[in-house]
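# Commentary on secondary and tertiary structure
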Amino acid sequence: MRSGGVMFRRPGAIEIKNREQLAMMRRAGLVVAEALTACGEACVDGVTTAELDGIAASVLTRRDAGSSFRGYHGYPAVLCVSVNDEVVHGIPGERVLRTGDLVSIDFGAVVEGWHGDAAVTVAVGAVPRDLAELSDTTRAALWAGLSAALPGGRLGDVGAAVEDTVRSVGRGYGILRDYVGHGIGSRMHMEPAVPNFGPAGRGPKLRPGMAIAIEPMVTLGSEEVYVHDDDWTVSTVDRSFAAHWEHTVAITADGPWVLTALDGGAAHFTEAGIPSPAQART
């Protein structure tokens with residue numbers, strides 16, 4: 001099991017949160033949103049991945065929050081920064097980002113024992129059209145999954161929505177199957193596993209009080225990956241570039257509430273005609 005994408009595993013008990021606990025997760029989620037915004041703005045030619053990690057660490061300090069990642073199974077940083085053919089779990093260091101790089105930034109924060117987890121993919125300067133389209137498609141697939149996180153639905157509805165969005169582009173993208181999303185709450189990684197593929201109508205019922213991290217990981221080529229000698233960084237076998245987008249979402253009686261989006265998902269859900277408590281909170 002790894003931060004920002006977990007190995008597919010057998011199901012177990014699913015944690016149900018009350019209103020106060022979800023509110024605490026929202027506090028953690030806003031810390032995550034702030035840090036990812038700051039890191040995204042800092043992704044320019046010449047910056048090192050370690051400098052991005054420092055920016056995220058400073059947000060944790062300023063917001064009196066803890067890191068979900070640092071120390072997790074020995075992980076040494078507060079961010080995962082994965083570049084180009086690296087899909088997830090890249091360890092920040094002295095690597096210098098250059099124009100044309102595609103960078104996945106994954107971050108988790110904990111506030112009074114409750115976690116938030118999200119990821120963005122950022123282009124450094126101008127990138128080729130196929131890379132921009134890969135990132136845009138992955139982000140659209142994430143929001144399709146978030147829109148399917150409806151009370152009374154099934155977990156398979158989320159994965160099917162992600163997969164259908166990716167496949168609808170017709171580009172032959174690879175969708176990682178060995179690494180999936182996860183439940184989240186009093187721990188960063190919890191049940192259920194959240195695949196980025198279908199079929200719909202199967203899996204655990206989505207109940208108010210559940211919280212899950214949906215995180216499509218999509219490649220320009222094969223879905224096959226390998227783990228580097230650092231025991232963390234995951235790259236594509238065929239060296240194709242990858243994109244990774246993630247949000248933590250709570251299932252509520254009033255619809256999905258994206259805890260790691262600054263507006264809770266209100267703008268997207270309003271445009272899509274999907275009820276959400278975020279619309280009343282922003």
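Shown above is the structure to which this text applies.
First, a word on scope: everything that follows refers to the structure included in this document. Owing to the predicted nature of the structure, the values given are computational and were not obtained by experimental measurement.

The rules behind these values
- Residues numbered from 1 in each chain as written.
- Predicted model: local features only at pLDDT ≥ 70, side-chain atom pairs only at ≥ 80, totals over all residues.
- Heavy atoms only, no water.
- Helix = DSSP H or I, 4+ residues; strand = E, 2+ residues; numbered from the N terminus.
- Rg over C-alpha atoms; globule rule 2.2 N^0.38 Å.
- Buried < 20%, exposed > 50% of the residue type's maximum accessible area, 1.4 Å probe, protein only.
- Axes fitted to C-alpha atoms, helices over the stretch in contact; angles between N-to-C directions.
- Left-handed = near helix turned anticlockwise from the far one by under 90°.
- Contact = heavy atoms within 4.5 Å.
- Nonpolar A, V, L, I, M, F, W, Y, C, P; charged D, E, K, R; others polar.
- Pairing = 2+ DSSP bridges.
- Salt bridge = Lys/Arg side-chain N within 4 Å of Asp/Glu carboxyl O.

## Observations regarding the overall build of the protein chain
Per the secondary structure count, the protein chain includes 6 helices and 16 strands. The C-alpha radius of gyration of the protein chain comes to 17 Å, within 12% of the 19 Å expected for a compact globule of 282 residues. When the backbone C-alpha atoms are referred to their principal axes, the protein chain occupies close to 45 × 45 × 35 Å. Looking at the 282 residues of the protein chain, the share that counts as buried comes to 58%.

## A closer look at the packing of helix α1 (residues 19-41) against helix α2 (residues 49-62)
Contact pair α1 / α2: the axes reach a minimum separation of 9 Å and the direction vectors enclose 150°. Crossing angle aside, the handedness with which α1 passes α2 is right-handed. Every residue of α2 that contacts α1 at V31, E34, A35, A38 and C39 is listed here: L52, I55, A56, V59, L60 and R62. A per-class count over the contact of α1 with α2 returns 9 nonpolar, no polar and 2 charged.

## Focus: unusual backbone geometry
The step from E191 to P192 runs through a cis peptide bond, and the omega angle for that step is 5°. Looking at where P192 falls in the secondary structure, it is placed in strand β9 (residues 190-194). Cis geometry marks the peptide bond from G198 to P199; its omega dihedral reads 10°. In this fold, P199 is placed in the loop between β9 and β10 (211-214). Within the chain, N84 stands out as a residue other than glycine whose phi angle is a positive 60°. Within the secondary structure layout, N84 lies in the loop between β3 (79-83) and β4 (86-88). What makes N84 buried here is its relative accessible area of 9%.

## Comments concerning the pairing of β9
Here β9 lies mainly inside the structure; 5 of its 5 residues are buried. Between strand β8 (residues 179-183) and β9, which pair antiparallel one after the other, the connecting turn spans 6 residues.

## Regarding the pairing of strand β16 (residues 255-258)
Bridge count between strand β15 (residues 247-252) and β16: 4 bridges; the pairing is antiparallel. Counterpart to T252 in the pairing with β16 is G255. Where β15 folds back onto β16 in an antiparallel hairpin, the turn is made up of 2 residues.

## A short note on the pattern of salt bridges
Summed over all chains, the structure comprises 12 salt bridges. Residues E34 and R62 are paired through a salt bridge, measuring 2.8 Å at the closest nitrogen-oxygen approach. In this pair, E34 sits in helix α1 while R62 sits in helix α2, placing the two residues 28 residues apart along the sequence. For D45, the salt bridge is made with R98, and the minimal N-O distance between the two is 3.2 Å. Of this pair, D45 sits in the loop between α1 and α2 while R98 sits in the loop between β4 and β5 (102-111), and the two are 53 residues apart along the sequence. For D45, a relative accessible area of 42% gives the class partly exposed.

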